[in-house]
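# Topology and contacts: notes
Chain by chain, the residues:
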Amino acid sequence: GEVRSPTFSLVHLYNTKPAVLHADLYRVESVLGLGLEDELDDRISFIEWPDRNDFPWDESQTIDISLNFVSEKEGARSLEIVAPESREEVWTIVHT
């Protein structure tokens with residue numbers, strides 16, 4: 001099905017196999033009351049902006065994914081993926 005940005009509703013739950021949670025926490029100061037902690041153990045979770053609030057993330061169980069502009073003039077982007085075990089860079093991909 002269609003994947004929508006959770007920007008306005010903050011959290012989307014997808015009952016896929018495996019189940020997925022997608023949250024955009026950019027405008028959220030506190031995650032208390034959102035019910036995220038009830039879903040984290042049972043779903044693959046994509047959390048945007050977890051560092052902007054009190055999100056209870058466990059760094060040892062996360063994979064960090066960063067998208068960055070390499071050159072805005074040319075529209076090139078880089079994708080960096082960091083694994084939880086070593087906290088070292090696993091992949092960097094540049095698309096021009």
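Located above this text is the structure these notes cover.
My aim in this report is to walk through the structure given alongside it, one point at a time. (Residues numbered from 1 in each chain as written. Predicted model: local features only at pLDDT ≥ 70, side-chain atom pairs only at ≥ 80, totals over all residues. Heavy atoms only, no water.)

### Section: the pattern of salt bridges
- Using the criterion set out here, one finds 1 salt bridge in the structure.
- A salt bridge links Arg43 to Glu39, with the shortest nitrogen-to-oxygen separation between them at 2.8 Å.
- Exposure remark for Arg43: the relative accessible area of 15% places this residue in the buried category. (Salt bridge = Lys/Arg side-chain N within 4 Å of Asp/Glu carboxyl O. Buried < 20%, exposed > 50% of the residue type's maximum accessible area, 1.4 Å probe, protein only.)

### Re the side chain of Asp24
- Its place among the elements puts Asp24 in strand β2 (residues 20-24).
- One buried charge, Asp24, has no salt-bridge partner; the nearest side chain with opposite charge is Arg27, at 6.2 Å.
- A polar side-chain atom of Asp24 sits 3.1 Å from the main-chain amide nitrogen of Tyr26. (Helix = DSSP H or I, 4+ residues; strand = E, 2+ residues; numbered from the N terminus. Lys, Arg positive; Asp, Glu negative; His and termini not counted. Polar contact = N/O pair within 3.5 Å; in protein donor to acceptor, adjacent residues only side chain to side chain.)

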